[in-house]
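Inside the fold
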Amino acid sequence: MSEASGAPAHRYTATVAGEIERRWQDYWEKNGTFRAPNPVGDLAADGAPTGDKVFVQDMFPYPSGAGLHVGHPLGYIGTDTFARFNRMLGRNVLHTLGFDAFGLPAEQYAVQTGTHPRVTTEANIANMKRQLRALGLGHDERRSFATTDPEYYRWTQWIFLRIYNSYYDAEQGKARPIAELAAEFADGTRETPDGTPWADLTRAEQSEVLDTYRLAYVTESPVNWCPGLGTVLSNEEVTAEGRSERGNFPVFRRNLKQWMMRITAYADRLVDDLDRLDWPEKVKAMQRNWIGRSHGAEVHFPVEQDVIEVFTTRPDTLFGATYMVLAPEHPLVDTLTTEAWPADVDSRWTGGASTPQEAIAAYRRQASMKSELDREENRDKTGVFTGSYATNPVNGARIPVFVADYVLMGYGTGAIMAVPGQDQRDWDFAEEYGLPIVRTVQPEKGFDGQAYTGDGPAINSANDSGLSLNGLGVDEAKKTTIAWLEEHGHGKGTVQYKLRDWLFSRQRYWGEPFPIVYDVEGIAHALPEDMLPVELPDVDEYAPTTYDPEDAETKPSPPLEKATDWVEVELDLGDGPRPYRREVNTMPNWAGSCWYQLRYVDPTNDDAMCDPENERYWMGPQPETHGADDPGGIDLYVGGVEHAVLHLLYARFWHKVLYDLGYVSSQEPYRKLFNQGYIQAYAYTDARGVYVPADEVTEENGTFFYNGEEVFQEYGKMGKSLKNVVTPDEMFDQFGADTFRFYEMSMGPFDDSRPWATKDVVGAQRFLQRLWRLVVNEDTGELRVSESDTVEPTEDDLRALHKAIAGVRADYVDLRFNTAGAKLIELNNYVTKTYGSAESTPRGLVEPLVLMLAPLCPHIAEELWRRLGHETSLTNGPFPEVAERYLVDDTVEYPIQVNGKVRSRITVPADADNDAVQAAALGEEKIAALLDGGEPRKVIVVPGRLVNVVV
RNA sequence: GCCCCCGUAGCCCAACCGGCAGAGGCAGUCGACUUAAAAUCGAUCAAGUGCGGGUUCGAGUCCCGUCGGGGGCACCA
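How each quantity is defined
Residues numbered from 1 in each chain as written. Chains lettered and ligands numbered in written order. Predicted model: local features only at pLDDT ≥ 70, side-chain atom pairs only at ≥ 80, totals over all residues. Heavy atoms only, no water. Helix = DSSP H or I, 4+ residues; strand = E, 2+ residues; numbered from the N terminus. Buried < 20%, exposed > 50% of the residue type's maximum accessible area, 1.4 Å probe, protein only. Contact = heavy atoms within 4.5 Å. Near = heavy atom within 4 Å. Polar contact = N/O pair within 3.5 Å; in protein donor to acceptor, adjacent residues only side chain to side chain. Nonpolar A, V, L, I, M, F, W, Y, C, P; charged D, E, K, R; others polar. Pairing = 2+ DSSP bridges. Axes fitted to C-alpha atoms, helices over the stretch in contact; angles between N-to-C directions. pLDDT = per-residue confidence, 0-100. Domains from an automatic or database assignment. Patch = residues over 30% accessible without salt bridge, like charges linked within 9 Å, V, L, I, M, F, W, Y side chains within 5 Å. Areas by Shrake-Rupley, 256 points an atom, 1.4 Å probe, with all protein chains shown as cover. Salt bridge = Lys/Arg side-chain N within 4 Å of Asp/Glu carboxyl O. Lys, Arg positive; Asp, Glu negative; His and termini not counted. Charge placed at Lys NZ, Arg CZ, Asp CG, Glu CD. Phe/Tyr/Trp six-rings, centres within 6.5 Å; stacked < 30°, edge-to-face > 60°. Lys NZ or Arg CZ within 6 Å of the ring centre and 35° of its normal. Parallel < 35°, antiparallel > 145°, perpendicular 65-115°, else oblique. Core = buried A, V, L, I, M, F, W, Y, C linked by side-chain atoms within 4.5 Å. Arc of directions from axis to C-beta. Expected span 1.5 Å × (residues − 1). 1 Å grid on protein atoms, 1.4 Å probe; cavity = no way out; pocket = protein on both sides within 12 Å on 5 of 7 lines; lining within 4 Å. Points joined across faces, edges and corners; volume = space filled by probe spheres on them.

Considerations on the environment of L318
Turning to its location among the elements, L318 is positioned in the loop between β9 (306–312) and β10 (323–326). Owing to a relative accessible area of 0%, L318 belongs among the buried residues under this scheme. A C-alpha to C-alpha distance of 9.6 Å links L318 and K478, two positions 160 residues apart in sequence. Discounting residues that sit within four places of it in the chain, L318 has contacts with V299, F301, N392, V394, M417, T481 and L485.

Quick look at the structure:
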């Protein structure tokens, strides 16, 4: 497109750019330009690494078969620019990219075609590597790997075993080896749960006890079973509508035996340590919300022989508890349901049934049939009375116990004390069922709502047993109540979390096998390290058995189950060869991405997942740079906000376990996180709603046409089915990689989403062409740059240059690539205007310009640098330094405002003090005329900025 | 329903602690080159910051309300 006939032979066209780019990519590869030395091990260089270290990382891509579109590399170009800038400052920069290659698409493709997922995965990786190479990314290629490499997942399995062989010591607040727990049981330091001496337990019983402590454990508990996918899912993979995030199939809660990770043990540290991270507040808020820590109290309400335990965040409102509610699935519902209604029962409470048992049974049936969606759409409060009354421990009041589906079994204890005066849900229910409402917090003046949830003095809250809250604020009243409950044995202060343990097994083929076998008695055994990796066997069928998506009564059947030769093994695990069965579930897709930064650090280490010295160098805490509280971690982690909870929470959890066990020195994996925006695109549909090719749509006065027919614009993702995909390969052909990189970075702030516009790319190309023309004669290809002694830059030139250097440096540091690019264009325009038609361009201007461009457009910068006579790559600098004296002007122009409107201007020496500036301003002709001899009411002088005269 | 982010020229975007609304790009217009066009080069036009209030000498920036767009959470006791 830019190859018009008749263009000068040495113009910077896409063809010339392509030739230069391939040449420099070869050069970088051949010279190992981006290899970052480690302190020790295979990747160590001679002598210790020099300069500060910088560890930059992109979120792990999944190598999709569709290849990349122009939206995908946005983050990679940003991190590359940042990494290159830091290299030019003399720093030791670790930047590479691996592949998160286990996962459903390759498996599904395998199911359809019979191709082994490894074949598809490797082909996709090869294609993606080709595209990434063409972008000119400065990656240390020695450090790249895929999670599917057995040498990698060997260590994923190894970490699993470390987690499996650990428990959480709540007193020390950290994970410890399970062997230490066993030792404590054995020597009596710690009593076994039921008090039986350790030695009196059989080995099976001992192992059962230990299993209840392990950080990775098997349990039969309610899990998310998705028949449509044939697998179970983690809570994080289930949408609010109760469907699978992938495929949108119904998900059912079923009791199944599955592997879990005890992430809840780390809930407090995962919340608290967010404060130590340099992350977007939005992501921190999402994690806090997901963990959902709330402080409150557990309170016991006696009912006949039983006790209902509730969790409340408002123990201060106990005197306002006028009824109780159990979730329909609550285990006490059966025992508390009475034979007959009390004589005076309110007809609204019975659900029209003649006995409580009938009413409850009908209500439970109804509730179980309601989908999550129904619940969401219909928030009217419903419920039925159990016939039983509980006793409020603070005032002895007899309060009715209901069953209602607005209380969920999955949170707290599945039972609540209802305080309509201070909780809107309870208020709604109380109104519906004619229950009493007692305010225990005095609402603010003028409050005319229903439930009052704000702060205020307690009222109606005192008893004869020494508890009086009246007049206390909410916080004080909570503390007082908890102390009273604890003293009288009615409850205690406690903390609740929304976070649940992490369901860690999947019924899939293309995932990491568990390093676990079961003996004939069904007892799990961890495989010893020297049996790792446990490699995936070849199978005939890659798919788990899937079922009718609506059939909740089906059971998972993993594909590995059918590989009987692999499943049934004879091993010697210490007591001679015995038969075992392998675990047939595989790990979830998140496992491999939980720790990959550690492997980037030491990718070829056969003796450890990574050498502690290398980990400390690249990831260890740096209190001297980042403050005493620095948890360590990589210096910049860039990726989309969609991983805010899942990946980032899991990875933090694993990292903390490894820290507790002493394998890493950093307490967090990612010190600084940055969410890049997305590149969006317009798509167009015709009258039938069918997508038409976006690049053939024309616009006239705000109306869009395709083949003469009107079409309608949509804005959103780029995708094959939307017919609006633009690929990097097209951009390389039309413009070259440097132009493409520059355009992507200049479109807007790195964290903003923006629409792709191919027609705008030419602006970036023109800029590079103008710069090229300053250095190279387009007709002859000869250098047109002065030797330093012939044409010296002028004072004005140097002011423009150093202003740009200062601005560009600051922009690169803060990831403001768009404004850095604009400043380079500005400087280039200045130099073009001044020297574009002169005999030659001063070297003193061109060289810094080329160097400053290098992080964004490395190929053209290397090429020009070489043509300027430099023998070595500019990868490691120099980066231009600012000379402060060119940043300050001798004189300053002040606008003079009168009542906030600019009326005139004066120019004064830069070192003039405020009085002098004021005098000059008031003496200025127009201003003096406006004042007309009168005194201004006030004069504001903002040094270096402006003067405002108030009259 | 609750919480968070964003609304600046026809379009994408700048504007640091409140201090002259414009750095850069696209498009448009005019000119140069050309037989002509494309490409290229040069010049130029362009909004008073979604809307309504408030604070201030001064508001794109701070506060309140409102509209529009995007995102998160959603009976969590």
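There is more to say, and it comes next.
Here we look at the protein's contact with RNA strand B
Taken together, 51 residues surround RNA strand B, and among them T313, R425, P749, R766 and N948 come closest. Within 4 Å of the protein, the atoms of RNA strand B are drawn from sugar and phosphate moieties in a proportion of 62%. Within the contact set of RNA strand B, a phosphate oxygen lies 3.5 Å away from a side-chain nitrogen or oxygen of N829. By residue number, the principal contributor to the surface near RNA strand B is helix α24 (residues 817–835), which donates eight residues. Here the surface near RNA strand B is composed, by residue class, of 20 nonpolar, 13 polar and 18 charged.

Observations concerning the sheet that holds strand β21 (residues 673–675)
With respect to topology, four strands assemble into an open sheet ordered β2-β1-β20-β21, the strand pairing being parallel. The two strands at the open ends of the sheet, each matched to only one other strand, are β2 (92–94) and β21. The sheet shows a mean angle of 20° between the axes of neighbouring strands, taken without regard to direction. Sheet topology note: the strand β20 (residues 636–639)/β21 ladder contains three bridges and is parallel. Counterpart to Y637 in the pairing with β21 is L673.

Quick notes on the confidence of the model for chain A
Averaged over all residues, the pLDDT of chain A equals 90, while 98% of them reach at least 70. The element-level mean pLDDT for chain A is lowest in helix α12 (residues 372–377), coming to 58, with helix α16 (residues 596–601) highest at 98.

Examining the domain arrangement of chain A
When cut into domains, chain A gives domain 1 (52–151 + 592–675), domain 2 (158–266 + 501–582), domain 3 (294–496), domain 4 (681–716) and domain 5 (890–950). Placing the centre of domain 3 and that of domain 4 at their C-alpha centroids yields a distance of 57 Å.

A few points about the sheet that holds strand β7 (residues 252–261)
Two orientations exist for strands paired in a sheet by backbone hydrogen bonds: parallel and antiparallel. Overall, antiparallel pairing links the four strands, which are arranged β6-β5-β7-β15 in an open sheet. What marks the edges here is a single partner per strand, and that holds for β6 (231–233) and β15 (502–503). Pairing between β7 and β15: two bridges, direction antiparallel. Looking at the pairing, M260 lines up with L503 of β15. Against the sheet, helix α5 (residues 150–164) touches β5 (216–226) and β7, its axis set at about 95° to β7.

Remarks on a negative patch on the surface
Residues D42, E151, E535, D606 and D607 make up a contiguous surface patch of negative charge. Tracing the sequence through the fold places D607 in the loop between α16 and α17 (612–619).

Describing the packing of aromatic side chains
If you walk through the whole model with that rule in mind, you get 61 aromatic pairs. With a centroid separation of 5.7 Å and 45° between ring planes, the pair formed by F102 and Y153 is classed as tilted. Residue F102 is located in the loop between β2 and α3 (104–113), and its partner Y153 is located in helix α5; the two are separated by 51 residues in the primary sequence. For the residue pair F102 and Y153, the accessibility class agrees, reading buried in each case. For the pair F402 and F429, a centre-to-centre distance of 5.4 Å together with 85° between the ring planes defines the contact as edge-to-face. Placement of the pair is F402 in strand β12 (residues 398–404) and F429 in helix α13 (residues 424–433), with a sequence separation of 27 residues. Take F402 and F429: they sit in the same class, and that class is buried. Among the aromatic residues, ring-to-ring pairing joins F160, Y164, Y168, W259, Y266, W502, F504, F514, W590, Y650, F653 and W654 into one connected group. Here R262 stacks its cationic end above the ring of Y217, 4.2 Å away from the centre of that ring.

Regarding the packing of helix α21 (residues 737–746) against α24
Relative to each other, α21 and α24 sit at 120°, their axes nearing to 7 Å. As judged from the angle between their axes, α21 and α24 are oblique. Here F742, M745 and S746 of α21 lie close against α24, whose contacting residues are F817, N818, G821 and I825. Class assignment for the residues of the contact of α21 with α24 results in four nonpolar, three polar and no charged.

Regarding unusual backbone geometry
Cis geometry marks the peptide bond from L532 to P533, where omega comes out at -5°. Mapped onto the secondary structure, P533 falls in the loop between β17 (524–526) and α15 (564–567). Omega for the bond connecting G877 with P878 falls within 30 degrees of zero, at 5°, which places this linkage in the cis form. Note that P878 resides in the loop between α26 (858–867) and β28 (891–898). The residue K723 is not glycine, and still its phi comes out positive at about 55°. Positionally, K723 belongs in the loop between β26 (709–716) and α20 (728–734). Despite not being glycine, L815 has its phi angle at roughly 60°, a positive value. Along the chain, the position of L815 falls in the loop between α23 (795–813) and α24.

A short note on the nonpolar core
Counting residues in each nonpolar core, the largest one holds 87 residues, and the members touching the most others are F160, M261, W502, F504, Y596, M609 and W654. When residues are assigned to domains, this core turns out to be shared by domain 1 (52–151 + 592–675) and domain 2 (158–266 + 501–582), each giving three or more. Judged by nonpolar contacts, the second largest core, of 86 residues, contains W28, M718, L801 and L827.

Remarks on α3
All buried positions along α3 are accounted for by L104, A106, E107 and A110. Within α3, the buried residues cover an arc of 165° as seen down the axis, which keeps them to one side. Lining the buried residues of α3 we find α4 (117–134). Positive phi shows up at G114, right after α3, with a value of about 80°.

Some remarks on the pairing of strand β31 (residues 946–950)
Within β31, four of the five residues are buried, which leaves the element mostly enclosed by the surrounding structure. In terms of strand pairing, β28 meets β31 through three bridges, oriented parallel. Bridged to V898 within β31 is V949. Inspection of the sheet shows strand β30 (residues 938–942) paired to β31 by five bridges, in the antiparallel sense. In the strand pairing of β31, V939 is matched with V949. Hairpin geometry of β30 and β31 is characterised by an intervening segment of three residues between the two adjacent antiparallel strands and by a positive phi of about 80° at G944.

Comments concerning helix α19 (residues 646–660)
For α19, which comprises 15 residues, the first-to-last C-alpha distance of 22 Å matches the rise-based estimate of 21 Å (1.5 Å per residue) to within 8%. After α19 finishes, the residue G662 shows a positive phi value of roughly 90°.

A word on empty space enclosed by the protein
Unfilled space is identified by rolling a water-sized probe across the atoms. Summed over all chains, the structure comprises one cavity of 30 Å³ or more. Reported here for the largest cavity is a volume of approximately 50 Å³. In terms of lining, the largest cavity is formed by W28, R84, M88, A854, P855, P858, E862, L874 and T875. Of all elements in the fold, only α2 (74–88) and α26 reach the threshold of two or more residues within the lining of the largest cavity. When the residues that make up the lining of the largest cavity are grouped by side-chain class, the tally is six nonpolar, one polar and two charged.

Section: the packing of helix α22 (residues 761–775) against α26
A pair of packed helices is characterised by two quantities: the angle between their axes and the separation of those axes. Two numbers describe how α22 lies on α26: the axes approach to 11 Å, and their chain directions differ by 10°. Regarding the angle of α22 to α26, the classification is roughly parallel. Only I860, E863, L864 and R867 of α26 make contact with α22, whose side of the interface consists of L768, L771, W772 and V775. Across the contact of α22 with α26, the residue classes break down as six nonpolar, no polar and two charged.

Some details on the pattern of salt bridges
By the definition in use, this model includes 50 salt bridges. R142 is paired through a salt bridge with D140; the nearest N and O atoms lie 2.9 Å apart. Taking relative accessible area as the criterion, R142 reaches 24% and is therefore assigned partly exposed. Two residues, R867 and E863, come together in a salt bridge whose shortest N-O distance is 3.0 Å. Taken as a pair, R867 and E863 lie in helix α26 at a separation of four residues, close to a single helical turn. With relative accessibility at 32%, the residue R867 sits in the partly exposed group. What you see here is one network of salt bridges that share partners, running through D273, R276, D629, R652, K656 and E668.

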